[in-house]
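The residues making up each chain are set out below.
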Amino acid sequence: MKFVAVEVVEMSETVNIEAYKRALDAAQRHAPDGSEYWLARELMEILNYARWENFFDVVRKGMLACESGGVPPEYHFRRTAKVMTYGKGSQRKIEDWFL
């Protein structure tokens, strides 16, 4: 599949689609069975969302779109968690999703 570099102008902001494609390709992971996936929190940063709550609304809309299309959301969305380490070594589990 060949992608063409396209620039989209929205509200006086230029978005370079090819730059997003490169970032998404770099963030792509592969499961042991060969399937491709991304981590939601990594996509959140690539797509310039500042808050998890705002990005998770987008993830929820994707789940609803699956349901309305007759596709079980668990085929495309899997909950996971990761441990984040903060200053002075404190750790906390945070929610993430395989997409």
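Located above this text is the structure these notes cover.
Residues numbered from 1 in each chain as written. Predicted model: local features only at pLDDT ≥ 70, side-chain atom pairs only at ≥ 80, totals over all residues. Heavy atoms only, no water.

Caption draft 1: Expanded view of the overall build of the chain. Along its length, the chain carries three helices and six strands. Seen in sequence order, the chain has helices and strands lined up from the N terminus as β-β-α-β-β-α-α-β-β. With 99 residues in all, the chain has 20% of them scored as buried. In the chain, of all internal contacts separated by at least 6 residues, the share reaching a separation of at least 24 is 24%. Taken as a whole, the chain presents about 7600 Å² of accessible surface, with 55% of it coming from carbon and sulfur. (Helix = DSSP H or I, 4+ residues; strand = E, 2+ residues; numbered from the N terminus. Buried < 20%, exposed > 50% of the residue type's maximum accessible area, 1.4 Å probe, protein only. Contact = heavy atoms within 4.5 Å. Areas by Shrake-Rupley, 256 points an atom, 1.4 Å probe, with all protein chains shown as cover.)

Caption draft 2: Looking closely at the pairing of strand E5 (residues 78–85). Both E5 and strand E6 (residues 91–98) contribute to a ladder of eight bridges, which runs antiparallel. Residue pairing for E6: Thr80 is matched across the bridge by Asp96. Hairpin connection, E5 to E6: the antiparallel pair is bridged by five residues, and Lys88 has positive phi, about 65°. (Pairing = 2+ DSSP bridges.)

Caption draft 3: Inspection of the packing of aromatic side chains at higher detail. Scanning the entire structure with this criterion turns up five aromatic pairs. Geometrically, the ring pair formed by Trp52 and Phe55 is tilted, given 6.4 Å between the ring centres and 50° between the ring planes. With Trp52 and Phe55 both in helix H3 (residues 52–68), this residue pair falls three residues apart, about one helical turn. Across the pair, Phe55 and Trp52 agree in class, each one buried. Each residue in the set Tyr49, Trp52, Phe55, Phe56 and Trp97 is aromatic and connected to the rest through ring pairs, giving one cluster. Directly above the ring of Trp52 sits Arg41, whose terminal nitrogen or CZ lies 4.0 Å from the centroid. (Phe/Tyr/Trp six-rings, centres within 6.5 Å; stacked < 30°, edge-to-face > 60°. Lys NZ or Arg CZ within 6 Å of the ring centre and 35° of its normal.)

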